Amino acid sequence: MMGGAVLRILGFELKGLAGIGLWVLRRRHGVPEGATVVTYAKEQAFMLGLMTFAMAVETVIVDLLLVAFDVPAWIRYTVLAADVYGLLFSAMLAATCATRPHVVTPSELRVRYAAYFDLRVPLDRIAAVRTSRNYNEDGMVTVKDGRLTVAVASQTNMTIELTEPIIVVRPLGARAEVTSIRLFADFPDQALIALGAGQSALS
């Protein structure tokens, strides 16, 4: 169990590094030709950028203080490594959110959050879709009372009701059965149109 979680976390790190590469190349992961991209990163971009800037400033200031107080080198380098990893983590999160959007194809809705969550929902399992804004969601990917929530900046703005339960795999590998999904989209109306067109094509 613990080993599986460690491997999943390692996988997240590798996907995060790959995400930075895709971000630099202005490419997206898992978006086939003809699919509709449903972005979700815009709402958190400002806060994530502000947090990254603050961490960068803190890294420099802390390192200068450690040098000024003649702190042993091994302590200084340990703190510096932790701070640099924090900056790298922020970059990986921003990159994977931008390069791994939700995707609507003629056969499925792919719900994602960065490198940490990926769920494929066949369109014929979707009973109804509506806009529904919530501002106080807990956590990024949660399951409660049969409802999956994939939030951005504690927000969701779309609700999807399913015709029958589906199994979701949570970030660390736990499985759960859900009958509805709440998620966030930068432009929910466009997502509604894409999902409506996809369901019409299936019927």
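Because the structure is predicted, anything quoted here is derived from the model rather than measured. (Residues numbered from 1 in each chain as written. Predicted model: local features only at pLDDT ≥ 70, side-chain atom pairs only at ≥ 80, totals over all residues. Heavy atoms only, no water.)

Enquirer: Looking at this structure, I do not really get the side chain of threonine 159. What am I missing?
Expert: Structurally, threonine 159 is set in strand S8 (residues 156-169). In this structure threonine 159 comes out as buried when scored by relative accessible area, which is 5%. Excluding anything up to four places from it in sequence, threonine 159 contacts Ala128, Val129, Arg130, Ser132, Ile181 and Arg182. (Helix = DSSP H or I, 4+ residues; strand = E, 2+ residues; numbered from the N terminus. Buried < 20%, exposed > 50% of the residue type's maximum accessible area, 1.4 Å probe, protein only. Contact = heavy atoms within 4.5 Å.)

Enquirer: Looking at this model, I keep getting lost on the environment of valine 168. Mind explaining?
Expert: Its place among the elements puts valine 168 in strand S8. Among all residues touching valine 168, those that are not within four sequence positions of it are Phe117, Leu119, Val143, Leu148, Ala174, Arg175, Ala176 and Val178.

Enquirer: I keep staring at the packing of aromatic side chains and nothing clicks. Help me out?
Expert: The geometry of an aromatic ring pair is captured by the separation of the ring centres together with the interplanar angle, meaning the angle of the planes. Applying the stated criterion to the full structure yields two aromatic pairs. Ring geometry for phenylalanine 12 against tyrosine 116: centres 4.9 Å apart, planes inclined by 75°, an arrangement best described as edge-to-face. Here the residue phenylalanine 12 occupies a position in helix H1 (residues 2-25), and tyrosine 116 occupies one in the loop between strand S3 (108-113) and strand S4 (117-122), the gap between them amounting to 104 residues. On the basis of relative accessible area, phenylalanine 12 is assigned to the buried category, the value being 10%. Overall, tyrosine 116 belongs to the buried group, its relative accessible area being 18%. (Phe/Tyr/Trp six-rings, centres within 6.5 Å; stacked < 30°, edge-to-face > 60°.)

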